[in-house]
Each structure stands twice: as C-alpha cells, then as structure tokens.
Amino acid sequence: DWVMRDHIAEAVEQIRQQVGDEEVILGLSGGVDSSVAAALIHRAIGDQLTCVFVDHGLLRLNEGDMVMDMFVGKLHAKVIRVDASDLFLGKLAGVSDPEAKRKIIGGLFVDVFKAEAAKLKAGDGGHKGATFLAQGTIYPDVIESGGAKSKKAVTIKSHHNVGGLPEQLGLKLLEPLRDLFKDEVRELGVALGLPPEMVYRHPFPGPGLGVRILGEVKKEYADLLRRADAIFIEELRNFRDEASGKTWYDLTSQAFTVFLPVKSVGVMGDGRTYDYVVALRAVQTSDFMTADWAELPYALLKKVSGRIINEVRGINRVTYDVSSKPPATIEWE
Ligand code: XMP
C-alpha cells in the first residue's frame, strides 16, 4: 500500500543521509528483525552493506541455506556465512547445565561476530572498511533497555543480546527499525519483498536448538531433532482449522520439538527398538510471559507422530507437552 511505500522511501532516504558513502556491517540471524533491517538497508545502500551470518550449528533444518538463498540469491546482498558449528559443538561438549550452555553459546556468538566485524572494519586492499554497525533493534527493545520493563528481579533465563557491541568495536550505530512495533516491522518486511513465511515465522531463541536438546548437546541429537521438528512444522502448516480457515501454524504463537536424551522401548516390524524420545510443544500467547498449551487436533498430532517415528530412524516415541506457563516455561531449558 502507499503508506508503506512512503514509509520505505522515507526510511531509505534517511539511511542514505546517515551513511553517506561509508560502509555498514549487520549481523544477520535469519530472525524477523535482522532480516527486515538487512532488506531495508540493502534497498538503501546496496553493496555498502555486508551481512555476517554466524551459523552455530544449532539452526533448524536447511535454515542456513534458506537465509543465503533469500539474501544472496534473491536480494543479491553481500553475506558472509561463517560456519562455526564445530567450534560451538566443541565448546558445548560435556556441558549440560542450561544457563552454562546459554553463556557459552552467547559468548562464542559475540566472539565470532566480533572477529568478522574487525576484519570488515579493517578493510582490504583499497577497500576502506566499515564504520557502521546496523542492528534490528525495534521499539519494544528500546523501551525494555530503558528500564521500563526491568521490574523482573530474578533472571529466569539469561537471554543473550549483543548490547554494547558497537562501542566495543568502535563502530557507529545504525538502527532503522527503532521506531517500529513488531507488526509494523513485519508489514515493512513484506513490502520489501521478503516472503511472508519468513516475516511471520514463530520466534526462535538465540541459542537455537542448544536449549531444545535437554542436557548435553551433541551433533547426533541436533540432526535427529532438526528432522523431527521440520515434520512438525510442515504439518502445522498443512493442517487448517475449519472454523477460521487458518493453519495451525498461524493459530499458534510458537511450536517446536524438544529432544529428550532418554531411550524407550518400541517395536518395529519384527524387531524391538530402543530409541530416543521427542516432545512436541505448541503454545498460544499474546506476550510470551504467560502461555497456554495449544489444543491441537488429534488428527494433526497423529499425523506428526506417525511421520516422525517412521521417517526419523533413532526416534521411536513422541509425546505432547500439556504444560502451561506458568509454572512451566515455553522452552524446556
Ligand atoms: P520461556 O522459555 O522463558 O521463553 O517461557 C519465552 C520466550 O523467550 C524465548 N527464549 C529465548 N530467546 N534467547 C532468546 O533469544 C534465549 O536464551 C531464550 N530463551 C527463551 C522463547 O523461545 C520464548 O519465545
């Protein structure tokens, strides 16, 4: 619509004014905010923007390739993909405490990003180097860091954010989404040509599958979980609620699969199996502070469990999590 086109034109002009002929680095995660920020800044300054996409090996099935296809293949943006999965999995070996895992993942993420940013800042033969760091900060983040929302005295889960990074790197800050609410960011993303499936995707935590594999994280577990989770999400997108006509993906606020590193007995053909268990989690919430487990149709649960057990060798049991928040949290760690 024309209001959005006007808004884009204005934002583009503002970014061009602010950046001039300098260069910008942006940490692309594949999430809504950084994706929309990247698309907008790319629209404004093209190749003066370089995105850094750190793959920590704890992303969902084909997620890294999808991000590259979209930003490099379709938008023709410059993206440096850093495959750091061995580094992350190596440092996570033997660690099972949820907060310790979060700290390791968050810390490594910042280290890897900083190293890439430092290279870009230094520039190379004749190339003058970046002077701006762009972030997909949106209005609710601005309010939150201003303390208005910090009434919560106890940290239940340490969410990693990259606060203070521009200062540490000696880069100027570019935050073109600072005045926007989430809904406006999504609309902007669609208007910029990002696919609605990307823009309306459920939130995904920074530590990724690292907090959806209970206890120690192993590549074997992550590979099984990725395949099971992709089946769950695919079927949530396939099944529609007749009354509203919406898919169950759109009717839930967040849905995912959790890997339980315990084995249970099953039977397949003539044989006995002794394999891992996964839990399906789907919630409905307006603010993620409280949440109800979603009353998914039995037919959907049946399809998902049948497919996971038949298609993912190594998993022989699927459970459904019927816990609300509070007292449970949305993620299992
Ligand atoms: P909980 O599990 O606390 O989750 O009920 C509430 C929302 O926060 C997300 N979440 C995280 N996001 N880093 C993130 O970026 C984290 O460490 C983290 N832990 C939880 C969770 O996915 C849900 O949307």
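Residues numbered from 1 in each chain as written. Predicted model: local features only at pLDDT ≥ 70, side-chain atom pairs only at ≥ 80, totals over all residues.

A. The arrangement of the overall build of the protein chain in detail. The helix and strand tally for the protein chain stands at 12 helices and nine strands. Taking 2.2 N^0.38 as the reference for a compact globule, 333 residues should give roughly 20 Å; the C-alpha atoms of the protein chain span a radius of gyration of 21 Å, in line with that estimate. C-alpha extents for the protein chain along the principal axes are approximately 70 × 50 × 45 Å. Burial status across the protein chain gives 32% buried among its 333 residues. Contacts in the protein chain between residues far apart in sequence, at least 24 positions, make up 73% of those at least 6 positions apart. (Helix = DSSP H or I, 4+ residues; strand = E, 2+ residues; numbered from the N terminus. Rg over C-alpha atoms; globule rule 2.2 N^0.38 Å. Buried ≥ 20, exposed ≤ 12 C-beta atoms within 10 Å, placed from the backbone. Contact = placed C-beta atoms within 7 Å.)

B. Structural context of the confidence of the model for the protein chain. Averaged over the protein chain, the pLDDT score is 94; the fraction of residues at 70 or greater is 95%. Every residue in residues 148-153 scores below 50 in pLDDT, and together they form three contacts with partners more than four places removed in sequence or on other chains. As a predicted assembly, this complex carries a pTM of 0.94 together with an ipTM value of 0.99. (pLDDT = per-residue confidence, 0-100.)

C. Spatial organisation of the domain arrangement of the protein chain. Each domain of the protein chain was delimited in the assignment, giving domain 1 (2-199) and domain 2 (212-320). Put simply, the middle of domain 1 and the middle of domain 2, counted by C-alpha atoms, are 29 Å apart. Listed by partner, the interface residues are 10 residues for domain 1 and nine residues for domain 2. Taken together, the residues that form the side of domain 1 that touches domain 2 break down as five nonpolar, three polar and two charged. (Domains from an automatic or database assignment. Nonpolar A, V, L, I, M, F, W, Y, C, P; charged D, E, K, R; others polar.)

D. Just the environment of Thr 290, in detail. Relative to the helices and strands, Thr 290 resides in the loop between β7 (271-284) and β8 (292-293). Accessibility expressed as a C-beta count within 10 Å gives 12 for Thr 290, which makes it exposed. Thr 290 sits 165 residues away from Gly 125 along the chain, and the two C-alpha atoms are 53 Å apart. Those residues in contact with Thr 290 that lie beyond four places of it in its chain are Thr 285, Lys 325 and Pro 326.

E. Up close: the packing of helix α1 (residues 2-19) against helix α2 (residues 32-45). With their axes 9 Å apart at the nearest point, α1 and α2 run at an angle of 70° to one another. One finds that α1 runs roughly perpendicular with respect to α2. Classified by chirality, the crossing of α2 by α1 is right-handed. From α1, Ala 11, Val 12, Ile 15, Arg 16 and Val 19 reach across to α2, where they touch Leu 40, Ile 41, Arg 43, Ala 44 and Ile 45. (Axes fitted to C-alpha atoms, helices over the stretch in contact; angles between N-to-C directions. Parallel < 35°, antiparallel > 145°, perpendicular 65-115°, else oblique. Left-handed = near helix turned anticlockwise from the far one by under 90°.)

F. Looking closely at the site of the ligand. Near the ligand lie 15 residues; those nearest to it are Pro 205, Gly 206, Thr 329, Ile 330 and Glu 331. Class assignment for the residues of the shell around the ligand results in six nonpolar, five polar and four charged. (Near = placed C-beta within 6 Å.)

G. Spatial organisation of the nonpolar core. Val 24, Leu 26, Ile 41 and Cys 51 are the most contacted members of the largest nonpolar core, which has 77 residues in total. For this core, the element with the highest residue contribution is α2, accounting for nine residues. When residues of this core are assigned to domains, at least three map to each of domain 1 (2-199) and domain 2 (212-320). (Core = buried A, V, L, I, M, F, W, Y, C linked by C-beta atoms within 7 Å.)

H. Expanded view of the sheet that holds strand β1 (residues 24-27). An order of β3-β2-β1-β4-β5 is seen for the five strands of this open sheet, with the pairing classed as parallel. Strands with a single pairing partner mark the edges of an open sheet, and in this sheet they are β3 (78-83) and β5 (172-174). For this sheet, the mean angle separating the axes of adjacent strands, direction not counted, is 25°. As judged from the three bridges shared by strand β4 (residues 132-134) and β5, these two strands associate in the parallel manner. Its bridge partner lying in β5, Ala 134 is registered against Leu 174. (Pairing = 2+ DSSP bridges.)

I. Just helix α8 (residues 182-191), in detail. Within α8, burial applies to Val 185, Arg 186, Leu 188 and Gly 189. In an axial view of α8, the angular spread of the buried residues amounts to 160°, which keeps them on one side of the axis. If you follow the buried residues of α8, they end up packed against α1, α2 and α9 (196-199). Remark: Gly 193 follows α8 within two positions and exhibits a positive phi of approximately 95°. (Arc of directions from axis to C-beta.)

J. Representation of the UniProt feature "binding site: ATP" (unreviewed entry) in the protein chain within the structure. Summarizing the sequence annotation, UniProt attributes the feature "binding site: ATP" (unreviewed entry) to Ser 29, Gly 30, Gly 31, Val 32, Asp 33, Ser 34 and Ser 35 in the numbering used throughout. Looking at the secondary structure, you find Ser 29 in the loop between β1 and α2. Given 23 C-beta atoms within a 10 Å radius, Ser 29 is considered buried. Looking at where Val 32 falls in the secondary structure, it is placed in helix α2. Those residues in contact with Val 32 that lie beyond four places of it in its chain are Val 185, Arg 186, Gly 189, Val 199 and Arg 201. (UniProt positions renumbered as here; feature names shortened; annotations may be inferred.)

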